[in-house]
Amino acid sequence: MFQKNMELQLQIEDMSVNGEGIGKSDGVTFFVKDTVIGDQVLVKVIKMKKRYGYARLLKVISPSSYRVEPLCEYWRQCGGCQIQALDYMQQLHYKEEKVRNNLRRIGGFSIADTEKKEQGILFHPIIGMEKPFFYRNKAQFPIGMDKNGKIITGFYAARSHNIIASRNCYLGVEINEKILNLVIAFMERYQITAYDERTGKGLVRHILIRFGFVTEEIMVCLVVNGNSLPHAKLLIEELKKINGMTSIVLNVNQKNTNVILGEEMINLWGQNYITDYIGEVKYQISPLSFYQVNPVQTKRLYETVLNYAGLTGKETVWDLYCGIGTISIFLAQRAKQVYGVEVVVPAIADARNNAKINGIENVEFFVGKAEEVLPAFYEEYTRGTQKFVKDIELPANTEDVRSQIEIADKGAAKERNMLQPDVVVVDPPRKGCDEKCLETIVKVSPARVVYVSCDPATLARDLKYLCEKGYEVREVQPVDMFPQTVHVETVCLLSKLHSDQHIEVELQMDELDLTAAESKATYEEIKDYVLEHSGLKVSSLYIAQVKEKCGIIERVNYNLPKSENSRQPKCPPEKEVAIREALEYFRMI
Ligand code: SAH
């Protein structure tokens, strides 16, 4: 019915998780980038799938009352700010709904609503920013050449490596533009070449700028395809004149790769790091360090974590996925002891250094995967031997843990008590926590779990797991760390249910008489997931067929054919793929 290049009018009724507007025509759903809820638009179909399609915005016929004029003239090409045309209050509403919907659909939770008199989880309004622009403390600008051989910098066009020339991004700090102007003028004057991805020739690849919001210190890092920068002294003379300039460094990256930074750093002037604060805590940030990009909102996020952790000074806290130890150190101010676990080795080096410069002694950091380090400790803890750490069977990549915890061998009994966590904080990447990690959290049984998440879908999945094993979600607090984009951060507080309540939960599971794998997601949840992620509608029958193929169920009780030769529709391959994805997502296969 609909074909590529067809033009049609749509009323945008909703917005997808990726920020596209959603409109319907003759029962077919269309996703349209750059539109906002409430717009009436003229679009051109660019791609058709069976039940849904993608279209490009041609013209806004009647703008939504939520539509605003974006500050950035390149916002449609860039793709970094997917929802810049949406009024900020409405952006916040959109993000809140995203978290709510995931908790409901994937997690199966009810959310309290005083107006509708509905009971459920206490869900706080999202914490937004007063000024939702110029919030990023870090910017990375690619350097290249235009058709005429002129050096340009800007940002990559969406899903490509074509540089759109612009020295002014509204998410970054204003000083960035001045620095870019200086560096480009210097390159032009001394004929310093821009790196060309296709040939692998040319010197300067990227300019990385970091800015300390509290200290106003600035770092400029040139990523180069070489070991030195000709006439570097002259550039330094210019950059030094900028107020706050603290660090000028080269980063060597001679590999033909999309990864921006190489491993080697060469200091050109000043320190090789800048310092900044979150609250009272001081952090040294090098070009390679992972550091939250929105410091204003990070402070609010961490304060929420601190509040949810409910510390009195007596608690042992585990901070899993700790990065450079920002949350660990923040919490150590109020806890008895904090242990941080992180898989990236240099991040742990930064974390230890950060603890040191703040004079914080009640925090220790371990290198390794959360899902391996935590179980290793747990096993040792339950074994309860005096030998404690020396015998511990640690995974291969956690040599560092071994040397670290040998110190703890001194007073095994005392230390064992210290290891038993009262609070576990997790802040995993988008894919969420490994199930082994969640399983061990349940075993070590902390009174409280604080879950910090950058993906509400995996958050909902993991909360569901914890709630099936004796925890209860108490509070949910979304925080807008990335205004103008579709991303949302959420902090959740879970606490352990009393044991009688816990038994009740187990009974309910029993009564349902499901196998372990079956219990993980209901058919409705799988349908919702498939619809949201691939736009396909699937029946329970198809889901059952795929489950059977995967060996999760024996299909004895589901829509059995009435007679041997009665024909049942077979799940088509594209739906099977989509269902398998959902099953994987819910960790059923
Ligand atoms: N809590 C930190 C960083 C969170 S980002 C902060 O607020 O700054 C998530 C971190 O998890 C990253 O540093 C990443 O390297 C780390 N990570 C990813 N997978 C991990 C795993 N399996 N075990 C431990 N850490 C992991």
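Thresholds, definitions, all that
- Residues numbered from 1 in each chain as written.
- Predicted model: local features only at pLDDT ≥ 70, side-chain atom pairs only at ≥ 80, totals over all residues.
- Heavy atoms only, no water.
- Helix = DSSP H or I, 4+ residues; strand = E, 2+ residues; numbered from the N terminus.
- Buried < 20%, exposed > 50% of the residue type's maximum accessible area, 1.4 Å probe, protein only.
- pLDDT = per-residue confidence, 0-100.
- Contact = heavy atoms within 4.5 Å.
- Pairing = 2+ DSSP bridges.
- Axes fitted to C-alpha atoms, helices over the stretch in contact; angles between N-to-C directions.
- Left-handed = near helix turned anticlockwise from the far one by under 90°.
- Nonpolar A, V, L, I, M, F, W, Y, C, P; charged D, E, K, R; others polar.
- Near = heavy atom within 4 Å.
- Polar contact = N/O pair within 3.5 Å; in protein donor to acceptor, adjacent residues only side chain to side chain.
- Areas by Shrake-Rupley, 256 points an atom, 1.4 Å probe, with all protein chains shown as cover.
- Core = buried A, V, L, I, M, F, W, Y, C linked by side-chain atoms within 4.5 Å.

## Some remarks on unusual backbone geometry
- Even without being a glycine, Asp 26 presents a positive backbone phi close to 50 degrees.
- Position of Asp 26 among the secondary structure elements: in the loop between strand S2 (21-25) and strand S3 (28-32).
- A positive phi is found at Gln 191, a non-glycine position, where the angle reads about 50 degrees.
- Mapped onto the elements, Gln 191 comes out in the loop between helix H3 (175-189) and strand S10 (204-211).
- With a relative accessible area of 70%, Gln 191 lands in the exposed category.

## Things to note about the confidence of the model for the chain
- When pLDDT is averaged along the chain, the result is 87; 87% of the residues meet or exceed 70.
- Taken as a whole, residues 500-518 scores under 50 in pLDDT and shows 16 contacts with residues more than four places along the chain or in a different chain.
- Here residues 556-566 scores under 50 on pLDDT; set against residues more than four positions off or in separate chains, the count is 10 contacts.

## Quick look at the sheet that holds strand S7 (residues 138-145)
- Read across the sheet, 7 strands follow the order S9-S8-S7-S10-S11-S12-S13 without closing on themselves; strand pairing throughout is mixed. This sheet does not close on itself; its edge strands, each paired only once, are strand S9 (163-165) and strand S13 (264-270). Within the sheet, the average angular offset between the axes of one strand and its neighbour, ignoring direction, is 35 degrees.
- Taken together, the 3 bridges between strand S8 (residues 151-156) and S9 define a ladder with antiparallel strand orientation. Note on S9: the bridge partner recorded for Gly 154 is Ala 165.

## Concerning the packing of helix H14 (residues 523-534) against helix H16 (residues 573-585)
- Two numbers describe how H14 lies on H16: the axes approach to 9 Å, and their chain directions differ by 115 degrees. In the crossing of H14 with H16, the sense of the turn from one axis to the other is right-handed. In contact with Ile 526, Tyr 529, Val 530 and Ser 534 of H14, H16 contributes Ala 578, Ile 579, Glu 581, Ala 582, Leu 583 and Tyr 585.
- Of the residues assigned to the contact of H14 with H16, the class counts are 8 nonpolar, 1 polar and 1 charged.

## Quick word on the site of the ligand
- Close to the ligand lie 17 residues; Tyr 302, Thr 326, Glu 342, Ala 370 and Asp 427 are nearest.
- Here a nitrogen atom of the ligand sits 3.4 Å away from a polar atom, N or O, in the main chain of Val 343.
- Separating a nitrogen atom of the ligand from a side-chain N or O atom of Asp 427 is a distance of 2.9 Å.
- Here the ligand, which alone exposes 580 Å², has 86% of that area covered by the protein.
- In terms of residue class, the shell around the ligand is made up of 9 nonpolar, 4 polar and 4 charged.

## Here's the deal with the side chain of Asn 251
- By the element assignment, Asn 251 lies in strand S12 (residues 245-252).
- Judged by relative accessible area, Asn 251 falls into the buried class, the value being 0%.
- From its side chain, Asn 251 meets the backbone nitrogen of Gly 262 in a polar contact 2.7 Å long.
- Excluding residues within four positions of it along the chain, Asn 251 makes contact with Cys 221, Leu 222, Val 223, Val 224, Leu 261, Gly 262, Glu 264, Met 265 and Leu 288.

## Observations regarding helix H15 (residues 540-549)
- H15 sits mainly inside the fold: 8 of its 10 residues count as buried.
- All of the buried residues along H15 are Ser 540, Leu 541, Tyr 542, Ile 543, Ala 544, Gln 545, Val 546 and Lys 547.
- Elements in contact with the buried residues of H15: H14 and H16.

## A look at the nonpolar core
- Ranked by size, the top nonpolar core spans 66 residues in total, and within it Leu 103, Trp 318, Leu 320, Leu 463, Leu 494, Ile 526 and Ile 579 carry the most contacts.
- With sequence-adjacent residues up to four places away left out, Leu 494 is seen in contact with Ala 447, Arg 448, Val 449, Tyr 451, Leu 463, Leu 466, Cys 467, Tyr 471, Glu 472, Val 473 and Arg 474.
- Ile 278, Tyr 302, Ile 324 and Val 367 belong to the second-largest nonpolar core, a separate cluster that totals 40 residues.

## A few points about the environment of Trp 318
- Mapping Trp 318 onto the fold places it in strand S16 (residues 316-320).
- The exposure class assigned to Trp 318 is buried, which follows from its relative accessible area of 1%.
- Placed 131 residues apart in sequence, Trp 318 and Val 449 show a C-alpha to C-alpha distance of 9.6 Å.

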